[in-house]
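# Examination of the molecular architecture
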Amino acid sequence: MNHQTVNAGPRLDRLPISRFHWKILGLISGGALLDAFDIYLAGGVLAATVKQGFSTLQSGAAFISATFFGMLIGSALAGYVGDRFGRRYSYQANLAVFGVASLLACFAPNIQTLIVLRFVMGLGLGAELVVAAGTLCEFVPPAYRGRWISLMGLIINSGLLFATSIGYVVIPNLGWRWMFAIAGGGALLIWVLRKRMPESPRWLESVGRSAEAEATLAAIEAEVEQQRGPLPAVPATQPVMALNVPLSVLFSRPVIGRTLVAALTCVAINMSVYGFVAWLPTFFVKEGLTVVQSLGFTTLMAFGAPGGALVGYFLGDRIGRKKGLIVFSLATIVLGFIYPQMRDPLAISVVGFVLVTSIYTVVTLGLYGYIPELFPTAYRLRGTGFAGVCGRAASMSTPYLAVYLFQRFGLTGVLSMVIGVLGLLIVGLLALRVETNQQSLEDISAPELDIAPAGMGRAS
């Protein structure tokens, strides 16, 4: 195994933005958009299957549970596979899993088969975001990383609008099975296109595959130079040693603070989205609004999802991911106190839109940016994957807690849950003094670890 210094990080970080980066963004975000589309199509599909007598409300609940349980396992598997076998192998594997399972779902003879296939889809769905966020960070220079993870967030957050608008046309005219056909066909198309996407040179160097890292970097540099002219000089060399890093490193004393904050970020995000945003139509109806009024308010507020990504685009690199998380968590807390007091329809829409925008700014800066930046390349996806597992566990349990709080205390009780978990997140962020803004992934004060180089035992 060749251990020569490739200097992958500094060489990638000094590249000017070019068509190469846009291609990487498109290939990664395309798969992540289909991931979001596949998650959000569930609402329309379940409504259609219940109306046809193909399923019941109880089997529909099992369908949703199977989705999130599969995503929980998929998040964990993606971290191991991505760090062990490579980013390219992992994102191709998970895309193939949910693409093939989606196509098979078109022919499901009964709801039991559909539930099993949905669990398999969940394995791929849970893996996609873990790999997407970590991989994009490894290609984009630090000066632009906040904007580019926000662009990916904008594309992903549009999945709800795509799913609802396409379902509005497709389900009544062609049937619910075609929604799975669209998701599966799109996934396999992206899978074919991604075959030309290079492996992360940072990862190749981190596992000692220096010759491959050098060849991949040379091809990237030649492509960018052809588009943008002579490249800037390479900064000082940063030697990278290939390490054998066990999963237990995430819970070791130098790293456990990062692991806990990453997990808390994912939990806070999932509780905010699945405990509040996803339940808005039901909450509005229970508060006395008609279904039409409820959907109208919810639709207006839903534009806060892409709105949050746009806020992240303009502020993510200026104030940094950590500071942005603190600022917009505080904003969400303040708005969470104000929103239940709104009675005027215009105020409900405006304050609700700002509240959802604030929540999705936290989603963009935290889920797509800060979490993968916290961990060195050697175990970046395992750290991100563990945080994802915690988040998915929260998304499975939060709806039950949200319903209980709403029944006991109304909308104020639900928002108190969101306020509480975001308050904990702020405390965790302030305690963990790790800022990632404008820094190379190799410079983000990675903890010193007593880990043996690859192919050797632990030093005594």
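Residues numbered from 1 in each chain as written. Predicted model: local features only at pLDDT ≥ 70, side-chain atom pairs only at ≥ 80, totals over all residues. Heavy atoms only, no water.

## What to know about the packing of helix H14 (residues 304-315) against helix H16 (residues 345-373)
In a packed pair of helices, the relevant descriptors are the angle between the two axes and the axis-to-axis distance. Close contact between H14 and H16 brings their axes to 7 Å; oriented N to C, the two are set at 55 degrees. As the angle between them shows, H14 and H16 are arranged oblique. For the pair H14 and H16, the sense of crossing is right-handed. Between H14, through Gly304, Ala305, Gly307, Gly308, Ala309, Val311 and Gly312, and H16, the contact on the second element is made entirely by Phe353, Val356, Thr357, Tyr360, Thr361, Thr364 and Leu365. (Axes fitted to C-alpha atoms, helices over the stretch in contact; angles between N-to-C directions. Helix = DSSP H or I, 4+ residues; strand = E, 2+ residues; numbered from the N terminus. Parallel < 35°, antiparallel > 145°, perpendicular 65-115°, else oblique. Left-handed = near helix turned anticlockwise from the far one by under 90°. Contact = heavy atoms within 4.5 Å.)

## Brief notes about the environment of Arg14
Looking at where Arg14 falls in the secondary structure, it is placed in the loop between helix H1 (8-13) and helix H2 (19-52). Taking the C-alpha atoms as reference, Arg14 lies 7.8 Å from Pro235; in sequence the two are 221 residues apart. With sequence-adjacent residues up to four places away left out, Arg14 is seen in contact with Glu221, Leu231, Pro232, Ala233, Val234 and Pro235. Within polar-contact distance, the side chain of Arg14 engages the side chain of Glu221 at 2.9 Å. Looking at Arg14, its side chain comes within polar contact range of the main-chain oxygen of Pro232, at 3.0 Å. (Polar contact = N/O pair within 3.5 Å; in protein donor to acceptor, adjacent residues only side chain to side chain.)

## So, the confidence of the model for the chain
Residues at a pLDDT of 70 or more form 89% of the chain, whose mean pLDDT is 86. Counted against residues more than four places away or in other chains, residues 455-460, with its pLDDT under 50, gives eight contacts. (pLDDT = per-residue confidence, 0-100.)

## Structural notes on the packing of aromatic side chains
Applying the stated criterion across every chain, the model contains 10 aromatic pairs. Ring geometry for Tyr80 and Phe85: centres 6.3 Å apart, planes at 85 degrees, overall edge-to-face. Given a relative accessible area of 46%, Tyr80 falls into the partly exposed group. Joined through ring pairs, the aromatic side chains of Phe54, Trp176 and Phe180 make up one cluster. Directly above the ring of Phe85 sits Arg84, whose terminal nitrogen or CZ lies 4.9 Å from the centroid. (Phe/Tyr/Trp six-rings, centres within 6.5 Å; stacked < 30°, edge-to-face > 60°. Buried < 20%, exposed > 50% of the residue type's maximum accessible area, 1.4 Å probe, protein only. Lys NZ or Arg CZ within 6 Å of the ring centre and 35° of its normal.)

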